[in-house]
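Notes for the structure review
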Amino acid sequence: MTGSGKICLLTGASHGLGLALAQELVARGYQVLGTGRRPHAELPADFPDCAYLPVDLTQADAAPRIAAWCARQVAGPLPLAILNAGAGRYRPLSDETAAEMAEVLQINFDANVQLAQALHPKLQGGTLGLIGSVAHKGAAGMPVYAASKGALDGFGRALAEEWRGTVRVRVLHPGPVATGMSERAGRPRDMIDSLFLSPRAVAMTLLDRLNSTRGPDRQVVSFAQVGGHMLWRKLAGGAGR
């Protein structure tokens, strides 16, 4: 996309993979409309120069607030929306509380369904990206998180069929990313952490896949695929910028 078409709404933009996506989008010349839980005063020093709306996706009015804010920022259609915000806890189901389970399901699934519905009128002719996780196949120790990502996977595949020809829907499932989320979720560090993917490399791969007119509606972005994609970009001289 070029010119005025380079506009993106991005949720979960204030840290982790979302922050890497925001940085890469701005580097590619996008006008980014970022949302996140952090207030303006707590944004990281490397947060890019872009519009930002602090919003808690667990609040009942989050989706209409984001949609109304987006409409004020963008007069015409919205070419790209990436629903990336996520939360999870590394613990057995027996240790979860009803409130904590509801929070994870609201952020990872319910809010995305509500946002997709609210943004649909502005997304005509554009692309909706839903950022899932390889945990959608099941993840011992994170059953609620895995359930939320599995639900998002099914929703995205159904929506891709329903909106085919009007809005392109892509569900992208990256492998573990080195964002610190795993530790915040309560998972103890081990040798597997050394295999976690670079946030920047994942962000670049996800954006290239979202902007491609080819490829399936649902894609798993593994370590090998990210590595191969980055090698291809290097050989192609930074294609996709």
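Here's a quick rundown of the structure. (Residues numbered from 1 in each chain as written. Predicted model: local features only at pLDDT ≥ 70, side-chain atom pairs only at ≥ 80, totals over all residues. Heavy atoms only, no water.)

A short note on the packing of helix α3 (residues 98-119) against helix α4 (residues 143-162)
Inclusion rule: The axes used here are C-alpha line fits, helices contributing only the stretch in contact, and every angle between their N-to-C directions lies in the interval 0 to 180 degrees. For helices the rule is a DSSP run of H or I covering at least 4 residues; for strands it is a run of E covering at least 2, with both sets numbered from the N terminus onward. Just so you know how the angles are binned, under 35 degrees is roughly parallel, over 145 roughly antiparallel, 65 to 115 roughly perpendicular, and the rest oblique. When the near helix sits turned anticlockwise from the far one by under a right angle, the crossing is termed left-handed; a clockwise turn instead gives a right-handed crossing. Here, two residues are considered to be in contact whenever any of their heavy atoms come within 4.5 Å of each other.
Interhelical geometry of α3 versus α4 gives an angle of 10° and a closest axis separation of 8 Å. Relative to α4, α3 is oriented roughly parallel. You can see that α3 and α4 cross each other, and the crossing is right-handed. Residues Met101, Val104, Leu105, Asn108, Phe109, Asn112, Val113 and Ala116 of α3 form the contact with α4, whose own contacting residues are Val144, Tyr145, Ser148, Lys149, Ala151, Leu152, Phe155 and Leu159.

A look at the nonpolar core
Note the following rule: In this text, buried Ala, Val, Leu, Ile, Met, Phe, Trp, Tyr and Cys residues form a nonpolar core when linked through side-chain atoms within 4.5 Å. Burial classification: accessible surface area is computed with a 1.4 Å probe over protein chains only, and a residue below 20% of its type maximum counts as buried, one above 50% as exposed, and the rest as partly exposed.
Ranked by internal contacts, the top residues of the largest apolar core, which has 34 residues, are Leu9, Leu57, Leu78, Leu119, Leu128 and Leu130. Sorting the residues of this core by element identifies β1 (7-10), α2 (62-73), β4 (80-83), α3, β5 (127-131), α4 and β6 (168-174) as the ones contributing at least two each. Once residues lying within four places of it in the same chain are set aside, the contact partners of Leu130 are Leu83, Leu152, Phe155, Gly156, Val169, Arg170, Val171 and Leu172. Counting 26 residues, the second largest nonpolar core, distinct from the first, contains Tyr30, Leu80, Ile131 and Val202.

Side note on the pattern of salt bridges
Going by this rule: Think of a salt bridge as a Lys or Arg side-chain nitrogen and an Asp or Glu carboxyl oxygen that are within 4 Å of each other.
Applying the stated criterion across every chain yields a total of eleven salt bridges. Notably, a salt bridge pairs Arg164 with Glu161, separated by 2.8 Å at the nearest N-O pair. On the accessibility criterion, Glu161 (52% relative accessible area) is exposed. Residues joined by salt bridges that share partners form a network here, namely Arg37, Asp56, Arg89 and Glu103.

Thoughts on the sheet that holds strand β2 (residues 31-36)
What counts here: Between any two strands, pairing holds if DSSP finds at least two bridges.
With parallel pairing, seven strands are arranged side by side in an open sheet as β3-β2-β1-β4-β5-β6-β7. Two strands close off the open sheet at either side, each with one partner strand: β3 (51-54) and β7 (218-221). Each strand of the sheet is rotated relative to its neighbour by a mean of 15°, with strand direction disregarded. As judged from the five bridges shared by β5 and β6, these two strands associate in the parallel manner. Its bridge partner being in β6, Thr127 is matched across the sheet by Arg168. Each of β4, β5, β6 and β7 is contacted by helix α6 (residues 199-211), which is oriented at about 155° to β6, the strand it contacts most.

Observations regarding the packing of aromatic side chains
How we decide: Two aromatic rings from Phe, Tyr or Trp, using only the six-membered ring of Trp, form a pair when their centres are within 6.5 Å; if the ring planes differ by under 30 degrees the pair is stacked, by over 60 it is edge-to-face, and anything between is tilted.
Considering all chains together, one arrives at two aromatic pairs under this definition. Residues Phe47 and Tyr52 carry aromatic rings whose centres are separated by 5.3 Å and whose planes lie at 75° to one another, so their mutual orientation is edge-to-face. Ring geometry for Phe109 against Phe155: centres 6.2 Å apart, planes inclined by 90°, an arrangement best described as edge-to-face. Of this pair, Phe109 sits in helix α3 while Phe155 sits in helix α4; the two residues are 46 residues apart in sequence, bridging distant segments of the chain. In this structure Phe109 comes out as partly exposed when scored by relative accessible area, which is 22%. Relative accessible area serves as the criterion here: at 18%, Phe155 is assigned to the buried category.

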